[in-house]
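Here is how the chains run, residue by residue.
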Amino acid sequence: MLTAKQHELIRFIQARLEETGISPSFEEMKEALDLKSKSGVHRLISALEERGFIRRLPNRARALEVLKQPEDVGPAVVRTTPANDVLPSTMQAPATRPEPANDVIEIPLHGRIAAGAPIEAFEDHSTLPVPAALLGAGEHYALEVSGDSMIEAGIFDGDFALVKRTNTARDGEIVVALVDSSEATLKYLRKESGKIILDPANASYEAQVYNPNQVEVQGKLAGLLRRYH
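Sequence order sets the numbering: in each chain, residues are counted from 1 along the sequence as written. Residue-level local features of this predicted model are given only where pLDDT is at least 70; pairs of side-chain atoms are given and counted only at 80 or more, and the full residue set underlies all totals for whole chains, interfaces and linings. Think of the side-chain values as coming from all heavy atoms in the structure, minus any hydrogens and water.

A. Summary view of the packing of aromatic side chains. Only Phe, Tyr and Trp rings are paired, with Trp represented by its six-membered ring, and only when their centres lie within 6.5 Å; those with planes under 30 degrees apart are stacked, over 60 edge-to-face, the remainder tilted. In the structure shown here, the tally under the stated rule is zero aromatic pairs. Above the plane of the ring of Phe53 lies Lys68, whose end atom (NZ or CZ) is 4.8 Å from the centre. In this analysis the charged atom, NZ for Lys or CZ for Arg, is taken to sit over a ring once it is within 6 Å of the ring centre and within 35 degrees of the ring normal.

In structure tokens:
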């Protein structure tokens, strides 16, 4: 069962698709639903996607497809062309639908995270604009990478790690691990002999070994942004 806001959003998306053939922007959705930020729209989109009502078209940032609608929302009216393929003078041929434009989501930027010895992860101070196509379903945040212990995984100092918020991960996944409730680091996760092992991706660094109660998974790597100066 959808919430009122989810219901309102899917109706708005469908109406805009029928009217223009283009998905509404996150700014337009925010204003239509009277939300305070685009992150609220992102959460609604993710929830609708997880429930199978919509999907994001791959490699096209501002591109949403409505897969199904709530039962009380009628399907769009489909006009058919007469059998002789000649449109009456009162009907206009539909215009070619333009390609959806790129859209951007602002996600929380939590500060810097070590790709080396653990350092403290800062509290929220700003947001980072991210192409929506880089993010899948779920809640995400960003961290600026500090250090070189993950360079063999293609993660470099100054990169922005895009992290899907979760408290579980499988062996071999790159995670944000909070150590002793105070320091965060970006590493491969491994469990062995009752220990939690945080593995670097740089032969110059050694693995970090902890007891399970010392380590809390706060997310897993979903993508990277890199700025070239």
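B. View of the side chain of Gln208. Mapped onto the elements, Gln208 comes out in strand S10 (residues 208-210). Polar contacts here mean pairs of N or O atoms no more than 3.5 Å apart (in protein, one a potential hydrogen donor and the other a potential acceptor; neighbouring residues in sequence count only if both atoms are side-chain atoms). Within polar-contact distance, the side chain of Gln208 engages the side chain of Tyr210 at 3.3 Å. Helix numbers and strand numbers start at the N terminus; a helix is a DSSP run of H or I with at least 4 residues, a strand a run of E with at least 2.

C. Examining the pairing of strand S7 (residues 174-179) more closely. Most of S7 is tucked away, with six of its six residues classed as buried. Both faces of S7 are covered, namely the face carrying Ile174, Val176 and Leu178 and the face carrying Val175, Ala177 and Val179. For two strands to be treated as a pair, DSSP must find no fewer than two bridges joining them. When S7 meets strand S8 (residues 183-192), the two strands line up antiparallel, connected through six bridges. Considered in S8, the bridge of Val175 is made with Lys187. Here S7 hands over to S8 after three residues, with Asp180 in that stretch at a positive phi of 55°. Both S7 and strand S11 (residues 215-225) contribute to a ladder of five bridges, which runs antiparallel. Along S11, the bridge assignment pairs Val176 with Gly219. Here's how the labels work: a residue is buried when its accessible area is under 20% of the maximum for its type, exposed when over 50%, partly exposed in between, all with a 1.4 Å probe on protein chains only.

D. Examining the nonpolar core more closely. Definition of nonpolar core: a set of buried residues of the types Ala, Val, Leu, Ile, Met, Phe, Trp, Tyr and Cys, connected through side-chain atoms within 4.5 Å. Ranked by size, the top nonpolar core spans 26 residues in total, and within it Leu9, Ile13, Met29, Ile45 and Ile54 carry the most contacts. Mapped onto this core, the elements with two or more residues apiece are helix H1 (4-20), helix H2 (26-32), helix H3 (38-50), strand S2 (64-66), strand S3 (104-114), strand S4 (126-131) and strand S6 (160-164). Working rule for contacts: check all heavy atoms of both residues, and any pair within 4.5 Å makes them a contact. Contacts of Leu9, omitting those with residues within four sequence positions, involve Met29, Leu33, Leu44, Ile45 and Leu48. Counting 15 residues, the second largest nonpolar core, distinct from the first, contains Met150, Ala161, Val176 and Leu178.

By themselves, these figures tell us nothing about what the structure is for.
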